[in-house]
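Notes for the structure review
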2 protein chains.
Amino acid sequence: MLVRKLADIRASDANVKSDGWESARMQLKKDGMGFSFHITTLYAGAELNLHYTNHLETVYVIEGTGTIEDLGTGETHKLEPGTMYALNNHDDHILRPETDIICACVFNPPVSGREVHDENGAYPADLDEEEATAS
Amino acid sequence: MLVRKLADIRASDANVKSDGWESARMQLKKDGMGFSFHITTLYAGAELNLHYTNHLETVYVIEGTGTIEDLGTGETHKLEPGTMYALNNHDDHILRPETDIICACVFNPPVSGREVHDENGAYPADLDEEEATAS
(Lines give C-alpha, C1' and ligand atoms only; values in the text may rest on other atoms or scores of the structure.)
Protein backbone atom coordinates (compact mmCIF):
# COMPACT_ATOMS: atom_id res chain seq x y z
CA MET A 1 0.00 0.00 0.00
CA LEU A 2 1.25 3.44 -0.94
CA VAL A 3 0.15 6.36 1.28
CA ARG A 4 1.02 9.91 0.23
CA LYS A 5 0.04 13.42 1.28
CA LEU A 6 -0.57 16.29 -1.13
CA ALA A 7 1.50 18.69 1.01
CA ASP A 8 4.52 16.36 0.81
CA ILE A 9 4.22 15.94 -2.96
CA ARG A 10 3.89 19.69 -3.44
CA ALA A 11 7.16 20.16 -1.52
CA SER A 12 8.97 17.56 -3.65
CA ASP A 13 10.28 17.41 -7.21
CA ALA A 14 7.09 15.56 -8.17
CA ASN A 15 5.42 18.99 -8.16
CA VAL A 16 5.73 20.43 -11.68
CA LYS A 17 5.10 24.12 -12.36
CA SER A 18 4.47 25.62 -15.76
CA ASP A 19 2.78 28.61 -17.36
CA GLY A 20 -0.75 28.91 -15.94
CA TRP A 21 -0.80 25.62 -14.04
CA GLU A 22 1.05 23.36 -11.63
CA SER A 23 0.60 19.70 -10.95
CA ALA A 24 1.39 17.48 -7.97
CA ARG A 25 2.10 14.06 -9.43
CA MET A 26 0.76 11.90 -6.58
CA GLN A 27 1.21 8.61 -8.44
CA LEU A 28 3.34 7.94 -11.50
CA LYS A 29 4.18 5.19 -13.97
CA LYS A 30 6.83 3.74 -11.64
CA ASP A 31 4.12 2.94 -9.09
CA GLY A 32 2.79 0.24 -11.40
CA MET A 33 -0.92 1.05 -11.12
CA GLY A 34 -1.45 1.36 -14.89
CA PHE A 35 -2.46 5.02 -14.65
CA SER A 36 -1.02 8.17 -13.08
CA PHE A 37 -2.89 10.42 -10.64
CA HIS A 38 -2.24 14.14 -10.29
CA ILE A 39 -3.73 17.00 -8.28
CA THR A 40 -3.48 19.96 -10.60
CA THR A 41 -4.06 23.69 -10.08
CA LEU A 42 -5.16 25.77 -13.07
CA TYR A 43 -4.61 29.45 -12.35
CA ALA A 44 -7.35 32.04 -12.78
CA GLY A 45 -7.10 33.87 -16.08
CA ALA A 46 -4.95 31.28 -17.86
CA GLU A 47 -5.91 30.04 -21.32
CA LEU A 48 -4.54 26.55 -21.88
CA ASN A 49 -4.77 24.88 -25.29
CA LEU A 50 -4.03 21.21 -24.63
CA HIS A 51 -4.12 18.22 -26.92
CA TYR A 52 -3.01 14.90 -25.49
CA THR A 53 -2.45 12.92 -28.66
CA ASN A 54 -0.64 10.13 -26.77
CA HIS A 55 -2.81 9.86 -23.64
CA LEU A 56 -6.38 9.52 -22.43
CA GLU A 57 -7.18 11.82 -19.50
CA THR A 58 -10.06 12.15 -17.04
CA VAL A 59 -10.37 15.32 -14.94
CA TYR A 60 -12.62 15.89 -11.91
CA VAL A 61 -13.08 19.45 -10.60
CA ILE A 62 -12.73 19.65 -6.81
CA GLU A 63 -12.69 23.45 -6.41
CA GLY A 64 -13.14 26.48 -8.66
CA THR A 65 -14.93 27.42 -11.85
CA GLY A 66 -14.17 27.99 -15.51
CA THR A 67 -14.88 26.53 -18.92
CA ILE A 68 -13.59 23.93 -21.34
CA GLU A 69 -13.95 24.46 -25.07
CA ASP A 70 -14.03 21.32 -27.21
CA LEU A 71 -12.28 22.37 -30.41
CA GLY A 72 -13.62 19.32 -32.23
CA THR A 73 -17.29 20.24 -31.74
CA GLY A 74 -17.06 23.95 -30.90
CA GLU A 75 -19.00 23.35 -27.68
CA THR A 76 -18.05 25.08 -24.43
CA HIS A 77 -18.86 23.35 -21.13
CA LYS A 78 -18.97 24.91 -17.67
CA LEU A 79 -16.50 23.60 -15.11
CA GLU A 80 -17.49 23.70 -11.44
CA PRO A 81 -17.05 21.46 -8.39
CA GLY A 82 -18.49 18.05 -9.31
CA THR A 83 -17.83 18.32 -13.06
CA MET A 84 -15.89 15.48 -14.71
CA TYR A 85 -14.61 15.50 -18.24
CA ALA A 86 -12.94 12.63 -20.06
CA LEU A 87 -10.82 13.15 -23.18
CA ASN A 88 -11.82 9.83 -24.70
CA ASN A 89 -10.98 10.89 -28.25
CA HIS A 90 -7.69 12.70 -27.55
CA ASP A 91 -9.81 15.85 -27.80
CA ASP A 92 -8.10 19.13 -28.65
CA HIS A 93 -9.39 21.64 -26.07
CA ILE A 94 -8.95 25.00 -24.35
CA LEU A 95 -9.28 25.42 -20.58
CA ARG A 96 -10.21 28.85 -19.25
CA PRO A 97 -10.20 28.91 -15.43
CA GLU A 98 -12.18 31.88 -14.09
CA THR A 99 -10.96 31.22 -10.55
CA ASP A 100 -8.11 28.95 -9.55
CA ILE A 101 -9.31 25.41 -10.24
CA ILE A 102 -8.09 22.40 -8.28
CA CYS A 103 -8.74 19.11 -10.03
CA ALA A 104 -7.88 15.43 -9.88
CA CYS A 105 -6.41 14.13 -13.15
CA VAL A 106 -5.94 10.53 -14.27
CA PHE A 107 -3.73 9.66 -17.26
CA ASN A 108 -3.65 6.41 -19.24
CA PRO A 109 -0.98 5.44 -20.09
CA PRO A 110 0.59 6.75 -16.88
CA VAL A 111 2.86 9.78 -17.01
CA SER A 112 6.45 9.11 -15.93
CA GLY A 113 6.79 12.53 -14.29
CA ARG A 114 9.27 14.14 -16.65
CA GLU A 115 6.83 15.26 -19.34
CA VAL A 116 6.12 18.86 -20.21
CA HIS A 117 3.62 19.95 -22.83
CA ASP A 118 5.16 20.34 -26.30
CA GLU A 119 4.32 23.14 -28.72
CA ASN A 120 1.06 21.37 -29.62
CA GLY A 121 -0.13 21.03 -26.00
CA ALA A 122 0.63 17.31 -25.90
CA TYR A 123 2.72 15.16 -23.62
CA PRO A 124 5.17 12.95 -25.52
CA ALA A 125 4.60 9.22 -25.82
CA ASP A 126 6.28 7.02 -23.21
CA LEU A 127 9.72 8.53 -22.51
CA ASP A 128 11.16 5.26 -21.25
CA GLU A 129 10.29 3.54 -24.51
CA GLU A 130 11.69 6.43 -26.55
CA GLU A 131 14.91 6.37 -24.57
CA ALA A 132 15.13 2.60 -24.89
CA THR A 133 14.75 2.96 -28.65
CA ALA A 134 17.33 5.75 -28.81
CA SER A 135 19.94 3.92 -26.76
CA MET B 1 -15.25 14.31 -24.93
CA LEU B 2 -17.47 13.10 -22.12
CA VAL B 3 -18.77 15.73 -19.66
CA ARG B 4 -20.70 14.62 -16.58
CA LYS B 5 -21.90 16.21 -13.35
CA LEU B 6 -21.80 14.53 -9.94
CA ALA B 7 -25.39 15.61 -9.16
CA ASP B 8 -26.67 13.92 -12.33
CA ILE B 9 -24.79 10.69 -11.63
CA ARG B 10 -26.05 10.64 -8.04
CA ALA B 11 -29.64 10.88 -9.36
CA SER B 12 -29.08 8.01 -11.82
CA ASP B 13 -28.72 4.23 -11.56
CA ALA B 14 -24.93 4.74 -11.72
CA ASN B 15 -25.16 5.71 -8.03
CA VAL B 16 -24.73 2.54 -5.98
CA LYS B 17 -25.65 2.44 -2.28
CA SER B 18 -24.53 -0.21 0.18
CA ASP B 19 -23.93 -0.67 3.88
CA GLY B 20 -21.78 2.22 5.13
CA TRP B 21 -20.96 3.73 1.74
CA GLU B 22 -22.32 4.88 -1.58
CA SER B 23 -20.56 5.47 -4.85
CA ALA B 24 -21.33 7.63 -7.88
CA ARG B 25 -19.75 5.81 -10.83
CA MET B 26 -18.80 8.81 -12.95
CA GLN B 27 -16.93 6.77 -15.57
CA LEU B 28 -17.18 3.03 -16.20
CA LYS B 29 -15.65 0.30 -18.33
CA LYS B 30 -18.00 1.07 -21.22
CA ASP B 31 -16.43 4.53 -21.55
CA GLY B 32 -13.25 2.92 -22.85
CA MET B 33 -10.74 4.90 -20.79
CA GLY B 34 -9.02 1.82 -19.35
CA PHE B 35 -9.97 2.72 -15.76
CA SER B 36 -13.16 3.64 -13.93
CA PHE B 37 -13.62 6.79 -11.84
CA HIS B 38 -15.99 7.03 -8.88
CA ILE B 39 -16.87 9.67 -6.28
CA THR B 40 -17.53 7.67 -3.15
CA THR B 41 -18.96 8.63 0.25
CA LEU B 42 -17.88 6.60 3.29
CA TYR B 43 -20.29 7.19 6.14
CA ALA B 44 -19.10 8.23 9.62
CA GLY B 45 -18.87 5.30 11.99
CA ALA B 46 -18.74 2.59 9.33
CA GLU B 47 -16.09 -0.14 9.48
CA LEU B 48 -15.37 -1.47 6.00
CA ASN B 49 -13.11 -4.46 5.48
CA LEU B 50 -12.28 -4.45 1.76
CA HIS B 51 -9.96 -6.61 -0.25
CA TYR B 52 -9.89 -6.05 -4.02
CA THR B 53 -8.24 -9.24 -5.17
CA ASN B 54 -9.15 -8.56 -8.82
CA HIS B 55 -8.46 -4.82 -9.03
CA LEU B 56 -5.90 -2.12 -8.29
CA GLU B 57 -7.43 0.98 -6.68
CA THR B 58 -6.21 4.50 -5.92
CA VAL B 59 -8.21 6.69 -3.51
CA TYR B 60 -7.82 10.43 -2.92
CA VAL B 61 -9.59 12.01 0.07
CA ILE B 62 -11.41 15.24 -0.85
CA GLU B 63 -13.34 15.79 2.41
CA GLY B 64 -13.51 14.18 5.84
CA THR B 65 -11.26 12.24 8.19
CA GLY B 66 -10.75 8.67 9.35
CA THR B 67 -8.19 5.89 9.18
CA ILE B 68 -7.12 3.00 6.98
CA GLU B 69 -5.64 -0.12 8.57
CA ASP B 70 -3.33 -2.15 6.36
CA LEU B 71 -3.98 -5.74 7.45
CA GLY B 72 -0.81 -6.91 5.72
CA THR B 73 1.52 -4.75 7.80
CA GLY B 74 -0.67 -3.89 10.80
CA GLU B 75 -0.08 -0.18 10.18
CA THR B 76 -2.87 2.36 10.52
CA HIS B 77 -2.71 5.57 8.45
CA LYS B 78 -4.65 8.78 9.00
CA LEU B 79 -7.02 9.83 6.22
CA GLU B 80 -7.68 13.55 5.75
CA PRO B 81 -8.15 15.92 2.80
CA GLY B 82 -5.09 15.55 0.56
CA THR B 83 -4.32 11.93 1.53
CA MET B 84 -3.94 9.43 -1.31
CA TYR B 85 -3.63 5.71 -0.89
CA ALA B 86 -2.97 3.16 -3.61
CA LEU B 87 -3.70 -0.55 -3.16
CA ASN B 88 -0.80 -1.64 -5.34
CA ASN B 89 -0.60 -5.11 -3.80
CA HIS B 90 -4.34 -5.87 -3.65
CA ASP B 91 -3.97 -4.94 0.04
CA ASP B 92 -6.52 -6.27 2.52
CA HIS B 93 -7.62 -3.25 4.57
CA ILE B 94 -10.17 -1.74 6.95
CA LEU B 95 -11.54 1.78 6.48
CA ARG B 96 -12.88 3.59 9.55
CA PRO B 97 -14.38 6.99 8.62
CA GLU B 98 -14.64 9.26 11.68
CA THR B 99 -16.68 11.80 9.70
CA ASP B 100 -18.32 11.26 6.34
CA ILE B 101 -15.48 10.97 3.83
CA ILE B 102 -15.83 11.97 0.18
CA CYS B 103 -13.15 10.53 -2.04
CA ALA B 104 -12.21 10.05 -5.67
CA CYS B 105 -11.54 6.39 -6.55
CA VAL B 106 -9.84 4.98 -9.65
CA PHE B 107 -10.08 1.26 -10.49
CA ASN B 108 -7.90 -0.71 -12.90
CA PRO B 109 -9.28 -2.75 -14.58
CA PRO B 110 -12.37 -0.54 -14.83
CA VAL B 111 -15.51 -1.50 -12.97
CA SER B 112 -18.50 -2.26 -15.22
CA GLY B 113 -20.96 -0.74 -12.72
CA ARG B 114 -22.81 -3.87 -11.66
CA GLU B 115 -20.33 -5.09 -9.05
CA VAL B 116 -21.08 -5.34 -5.34
CA HIS B 117 -18.57 -6.46 -2.74
CA ASP B 118 -18.64 -10.19 -2.10
CA GLU B 119 -18.34 -11.79 1.34
CA ASN B 120 -14.57 -11.21 1.26
CA GLY B 121 -14.83 -7.48 0.48
CA ALA B 122 -13.78 -7.97 -3.15
CA TYR B 123 -15.36 -7.04 -6.46
CA PRO B 124 -15.58 -9.97 -8.86
CA ALA B 125 -13.31 -10.20 -11.89
CA ASP B 126 -14.66 -8.77 -15.13
CA LEU B 127 -18.36 -9.63 -15.30
CA ASP B 128 -18.52 -9.36 -19.09
CA GLU B 129 -15.78 -11.94 -19.42
CA GLU B 130 -17.45 -14.23 -16.91
CA GLU B 131 -20.76 -13.96 -18.72
CA ALA B 132 -19.09 -14.54 -22.06
CA THR B 133 -17.52 -17.70 -20.66
CA ALA B 134 -20.83 -18.89 -19.25
CA SER B 135 -22.82 -18.28 -22.41
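As a starting point, this report considers the structure included with it. (Residues numbered from 1 in each chain as written. Chains lettered and ligands numbered in written order. Predicted model: local features only at pLDDT ≥ 70, side-chain atom pairs only at ≥ 80, totals over all residues. Heavy atoms only, no water.)

**A word on the side chain of Ser23 of chain B**
Operational definition: A run of H or I in DSSP becomes a helix once it reaches four residues, and a run of E becomes a strand once it reaches two; helices and strands are each numbered from the N terminus. Polar contacts here mean pairs of N or O atoms no more than 3.5 Å apart (in protein, one a potential hydrogen donor and the other a potential acceptor; neighbouring residues in sequence count only if both atoms are side-chain atoms).
Positionally, Ser23 of chain B belongs in strand S3 (residues 21-27). For Ser23 of chain B, the side chain forms a polar contact with the side chain of Arg25 of chain B, separated by 3.4 Å.

**A few points about the interface of chain B and chain A**
In many analyses, interface size is given as the accessible surface area lost on bringing the parts together. Put simply, the rule is: Whether two residues are in contact is decided by their heavy atoms: any pair within 4.5 Å suffices. The buried area of a pairing is the accessible area, by a 1.4 Å probe, that goes missing from both parts when the two are put together, added over both. Salt bridges are identified by distance alone: a Lys or Arg side-chain nitrogen within 4 Å of an Asp or Glu carboxyl oxygen. Polarity classes work like this: nonpolar for Ala, Val, Leu, Ile, Met, Phe, Trp, Tyr, Cys and Pro, charged for Asp, Glu, Lys and Arg, and polar for all others, with Gly in that last group.
Listed per partner, the contact involves 37 residues of chain B and 37 residues of chain A. Interface area for chain B against chain A, summed over the two sides, is near 3,200 Å², with a carbon-plus-sulfur share of 68%. Per-residue buried area on chain B facing chain A is highest for Met1, Met33 and Met84 of chain B; these three make up 25% of the total on that side. Between the two partners, chain B and chain A, sit 2 salt bridges. Note that Lys5 of chain A is salt-bridged to Glu80 of chain B, the shortest N-O span being 3.4 Å. Where chain B meets chain A, there are 20 residue pairs in polar contact (both at pLDDT 80 or more). When its residues are assigned to classes, the side of chain B that touches chain A shows 18 nonpolar, 11 polar and 8 charged.

**Here's the deal with the relation of the copies chain B and chain A**
Each of the two chain copies goes to the other by way of a rotation about an axis and a shift along it. As a reminder of what qualifies: Superposing the copies works by least squares over the C-alpha atoms of residues that have pLDDT at least 70 in both of them.
Least-squares fitting of chain B to chain A yields an RMSD of 0.0 Å, with the transformation described by 0.0 Å of translation along the axis and a rotation of 180°. Taken together, the turn and the small shift mark the pair as related by a two-fold rotation axis. Most of the interface of chain B is mirrored in chain A: 100% of its interface residues are interface residues there too.

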